[in-house]
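# Commentary on secondary and tertiary structure
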Amino acid sequence: MKPVILWSDALLFLMLAVILLLVWLLRDQESLRAPWRRVMRGRMGAASAVILAVYVGIGLLDSLHYVERLPDAEPGQAAQYSGEVRSALDALLTPLREQVEKTYSAPFATHLYVKEAVTGPDGVDIRDYPRLRHGGAHLVDPVAGFWPDVTWRGLLGLLGGGVAWGLLWLTLGRSPGSASPGRSAMWTTLLAMFCVTGLLVALAPHYHVFGTDKVGQDVLYLSLKSIRTGLMIGTLTTLIMLPFALTLGIAAGYFGGFIDDVIQYLYTTLNSIPGVLLIAAAVLVVQVQIETHPQWFETAAARGDARLLALCAILGLTGWTGLARLLRGEALKLRELEFVQAARAFGVRHARILARHLLPNVMHLVLIALVIDFSGLVLAEAVLSYVGVGVDPGMNSFGNMINGARLELAREPVVWWQLAAAFVFMFALVLSANLFADSVREALDPKAKK
Amino acid sequence: MKGLVVDNLRVEFPGGERSLVPVDGVSFAIGANECVALLGESGCGKSMTALALMRLLPEGARVAAGHARLDGQDLLDLSEQAMRAVRGGRLAMIFQEPMTSLNPVMTVAEQIGEALAMHRRLTGAAARRAAAELLKAVDLPPERLDAYPFQLSGGQRQRVLIAMMLAGEPEVLIADEPTTALDVTVQAQILGLLDQLRRQRGMGLLLITHDLDVARDMADRVAVMYAGEIVESAPRDRLYASPRHPYTRKLFAVLPRLDRRGERLDSLPGRVPPADAVFPGCRFAERCPNVFARCRTEAPAAREVAPGHWLRCHLEPEEGRPAAANPGSGDVVASVLTPAPTPPSVESPVLEVRDLAVHFPIRKGLLRRVAGRIKAVDGVSLSIRSGETLALVGESGCGKTTLARAVLRLIEPTAGESWLDGEALGPLRGEALRRKRAKMQIVFQDPFSSLNPRLRVGEIVEEGMAALLPELDARTRRDRARSLIDQVGLPLDALDRYPHEFSGGQRQRIAIARALAVEPRLLILDEPTSALDVSVQAQILNLLADLQVRHGLAYLFITHNLSVVGYLASQVAVMRAGRIVETGETRTLLTNPREDYTRTLLESAPGRNRTRAGTGVAG
């Protein structure tokens, strides 16, 4: 086994390291800690933070990549590695990854979704729904044994989750002075998460909880793997976009005149090109580059990763205009306010005025816009994948899942579970991100009531 | 009785533990052809009373008790549909802000027509004729019918608004600070118009104002509100001649005037209590100079001390007398005189400005060619000596603020030259100019937008020092910030709090501390008290006078308020359309103006006819 660090992993861990370093360096700054404590004290903030943390945890697990060492063909030969890059999450989810059916099956199904010619016990070929290879395969009588088995395993899973939560609570949760609505909300959310995890741990190895897709892959597994793609697109793109939007938007509004003209010209031009077409053209160029230089990439995963990064960069470079325009308008207003005039009368330098007087006063806008953009980007990825210019088709993403489910909606009876799974996971992610940002904005606002 | 009778009106915002009660037990009556003024500082419940009468209370508020009878019919019992016919019909209201109370996409005729269609069922040509007549009543030419609001000046808009409200032929007109946003000359016209309309039509007029002089010019009866209650109500002449309530007396005593020059203004400590305050006794007890034990435990009831003169105070008239006979000397502070203004010194002026001009180009067309120039400041010369105050007086748009910013080089002047302490400012560029900024500072009008809401007060005060006095280390800066905060009369823990935790007056103190932090020689005060209540204005003016003596500052005091000028300034410059029309020593200029424009300004100021109307304010 050999660890592999993809470019996006490197960026992700770099980002994480920077955040941790900042937290460590600023840990004693009471004025910075207070608002975050306020976030965690609120019900909404604490609950959404827990859910976001679970998502981020899954995404991080999925970013620890490695390749398996192949069994040596001949002794003494240099070690050979598999071309398939796996992640820590894959390792954890091995049963889900390996239990592949033939094609579609409904959630908790024991039989395939389509009829096939099967040889009956009496040796006669009939067309019927065959038993699944893995889902419910341990049941002797799939009809009578199903409910007792599911109930039993489900209860066991819930119990396991509850006990694990209880142990955690006994070790950590009883610290003194911890009574706040946020604390109780956090523990309640954790309890819910533990119960859900317990249920999945108990049931997923034996049933396909969210069914299987066209090639028989477990939809739960696909959804969990898609989380990383969604988070990457959301965070990397906003990170790329943010410097452009902040500097150009605020500078345009504050300086006005020639600088404003140039920046406005730039974003009006960018905006006048149909967004999807611009992105499609750029993605296609990158795609051609990638395909004509296969020697750049050792594995398929590396190639998909390069394409993901390219997509983030392109979305970021084209997506800053909206926020920049918003910030320009706000900066235009702020620059006339008297505290900015007072700072200028003090001879405070422009850069410092921008950083101290304008930036903090537009942060609430930035935060709201970022979260809306984050949600929008997770959704945009789906649209772009549909057009065929999104992430690599081999990469797991909500977009690819929805795209795959799209045609099956016309089937009768309908194949709904792929869409439903993608929806549930995206909904929880986007909603908790929105609620969390809302609490943060409220806590950072000095005018808000404490 | 004919007219509007308000009886024991109580408005509350029901809340979980504590209800807010902005209006509590307010009673008054307005007869036909009578003008009642509701006088009080901001936050005392004046506007809420008016909104309750119109049944336009904001979300969450409700009338908890009381009656408001218009010709015997209780407005508070009417259905919403019936009330709609009353609103703008028998009872109409004009608002403070003429800029926002007209719909910008409707012409004058359409806006008046709406009211006519609703209340007089007039449409088409008849409505247009009626609208033209209404415009005539408010002294606007009928051509204005097809004008849009943006084509009208502030005063004209207020006239249109009045015309709209007259469309329903109201019996009682409520005017909520109708002239606060207007210049003095326009204010005089609008007030004159309201007075004339009231007499012509026999309307009742409820005038809501914070301006003692406006109330004196307009009202037959004056009711003084404090913390949701009417504390004193009397016929105008009686109230101004012998105010009984300590609050009313204080309000008169804190007014800056020419004849109070060199005196310390009497000040009213503290501020109007918040609406959720609980009062075991008299609401004014905390700030009252004559408070005694009974005031803190028992709320005084309104009682009639003389015919038509109601008072909510435990003080007996005799007890109140001595202070009334000699107001201003009630407390020790008032008798302390600041040293007389420095006699004209021979030293060279701190600021000398010669022929300063600021022209803004008007660009037109695709190529943005300069098609003309707006001469915002057009050749202004002035000079201020150390320890001296020059007041720059003028109406809005005359270029006062542009001049201030050009002196500070926040705007580049087009022509002219200025010297600070004998050093020419014009040639200074970059770093040299930045250094020089420490010597000239500014305090702005709006205490709410002049402090960055995201910075702590300490950071705000230290900002200038950090930028201009880099030789100071963090500890010295902190020490100096503490001493400044102390000098402007704020507690030391203010440094660690955010601006929104302070009231307007306190914020203005912070802004003054910030400006003083870099030890300027010249302080430009751009309407520093016009956003503040009169009692707070007195505190700030006292502070400014003290600081001037202590630091030998030169003040350029920009204002439109002539009574403040008379009190504070040693020299006055009257500005109009970018030019200074008259300049001179304050007393001479205010009592004996040479220019017509100065005379117009002086005559428009409310309270001018105080010698005619009454016996003059006690003191």
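Heads up: the structure comes first, above all this text.
Below, the structure is looked at part by part. Predicted, not measured: the structure shown is a model, and the values here were computed from it.

The next subject is the overall build of chain B. Helix and strand counts for chain B come out as 22 helices and 22 strands. For 619 residues, the compact-globule estimate of 2.2 N^0.38 gives 25 Å, and the C-alpha radius of gyration of chain B, at 26 Å, lies within 12% of that figure. Principal axes of the C-alpha set define a box for chain B whose edges measure 70 × 70 × 50 Å. In chain B, which comprises 619 residues, the share counted as buried stands at 56%. Contacts in chain B between residues at least 24 apart in sequence constitute 68% of all its contacts with a sequence separation of at least 6. When the accessible area of chain B is evaluated, it comes to approximately 25,700 Å², of which 50% is carbon and sulfur surface. Between the mean site of the 78 positive side-chain charges and the mean site of the 74 negative ones, chain B shows a separation of 3 Å.

Further remarks concern the sheet that holds strand 21 (residues 571-576) of chain B. Residue and element names in this part refer to chain B. Taken in spatial order, the six strands line up as 18-19-20-15-21-22 in an open sheet, and their pairing is mixed. With one partner strand each, in any of the chains shown, strand 18 (440-443) and strand 22 (579-585) form the two edges of the open sheet. Between one strand and the next, the sheet's axes are offset by a mean angle of 20 degrees, whatever the strand orientation. Here five bridges tie strand 19 (residues 522-526) to strand 20 (residues 554-559), and the two strands are oriented parallel to one another. Within strand 20, the position partnered with L523 by the bridge is Y555. Running over the sheet, helix 13 (residues 400-407) touches strand 15 (389-393), strand 18, strand 19, strand 20 and strand 21 and is turned about 155 degrees from strand 19. Sheet strands touched by helix 18 (residues 534-551): strand 15, strand 19 and strand 20. Its angle to strand 20, the strand with the most contacts, is close to 155 degrees.

Right, let's talk about helix 9 (residues 257-272) of chain A for a bit. Three- or four-residue spacings in an α-helix give side chains the same orientation, since the helix completes a turn every 3.6 residues. Residues and elements named next belong to chain A. In a regular helix each residue adds 1.5 Å, so 16 residues correspond to 22 Å; helix 9 covers 22 Å between its end C-alpha atoms and thus fits that length. Listed as buried for helix 9 are D260, I263 and Y267. When helix 9 is viewed along its axis, its buried side chains cluster within an angular range of 75 degrees and face the same direction. Summarising the geometry of helix 9, the exposed residues directed more than 90 degrees from the buried face are F258, Y265 and S272. Where helix 9 is buried, its residues meet helix 8 (219-255) and helix 12 (321-336).

Right, let's get into the packing of aromatic side chains. Residue and element names in this part refer to chain A. By the definition in use, this model includes 17 aromatic pairs over all chains. Residues F146 and W147 carry aromatic rings whose centres are separated by 5.1 Å and whose planes lie at 75 degrees to one another, so their mutual orientation is edge-to-face. Of the residues examined, F146 reaches a relative accessible area of 13% and is grouped as buried. Grouping aromatic residues by their ring pairs yields a cluster made of F108, F146, W147 and Y207.

Moving on, we get to the interface of chain A and chain B. Across the boundary between the two partners, chain A contributes 23 residues, which contact 30 residues of chain B. Taken together, both faces of the contact between chain A and chain B bury some 2,400 Å²; the carbon and sulfur share is 53%. For the pair chain A and chain B, the number of links is two salt bridges. Measuring nitrogen to oxygen at the nearest pair gives 3.4 Å for the salt bridge that ties E463(B) to R356(A). Our count for the contact surface shared by chain A and chain B stands at 14 residue pairs in polar contact (both at pLDDT 80 or more). Counting only elements with at least two residues in the side of chain A that touches chain B, the list comes to helix 13 (338-345) and helix 14 (350-387) of chain A. In terms of residue class, the side of chain A that touches chain B is made up of ten nonpolar, six polar and seven charged.

Basis of the calculations
Residues numbered from 1 in each chain as written. Chains lettered and ligands numbered in written order. Predicted model: local features only at pLDDT ≥ 70, side-chain atom pairs only at ≥ 80, totals over all residues. Heavy atoms only, no water. Helix = DSSP H or I, 4+ residues; strand = E, 2+ residues; numbered from the N terminus. Rg over C-alpha atoms; globule rule 2.2 N^0.38 Å. Buried < 20%, exposed > 50% of the residue type's maximum accessible area, 1.4 Å probe, protein only. Contact = heavy atoms within 4.5 Å. Areas by Shrake-Rupley, 256 points an atom, 1.4 Å probe, with all protein chains shown as cover. Lys, Arg positive; Asp, Glu negative; His and termini not counted. Charge placed at Lys NZ, Arg CZ, Asp CG, Glu CD. Pairing = 2+ DSSP bridges. Axes fitted to C-alpha atoms, helices over the stretch in contact; angles between N-to-C directions. Expected span 1.5 Å × (residues − 1). Arc of directions from axis to C-beta. Phe/Tyr/Trp six-rings, centres within 6.5 Å; stacked < 30°, edge-to-face > 60°. Buried area = accessible area lost by both parts, 1.4 Å probe. Salt bridge = Lys/Arg side-chain N within 4 Å of Asp/Glu carboxyl O. Polar contact = N/O pair within 3.5 Å; in protein donor to acceptor, adjacent residues only side chain to side chain. Nonpolar A, V, L, I, M, F, W, Y, C, P; charged D, E, K, R; others polar.

Such coordinate-based values are descriptive only and should not be taken to indicate function.
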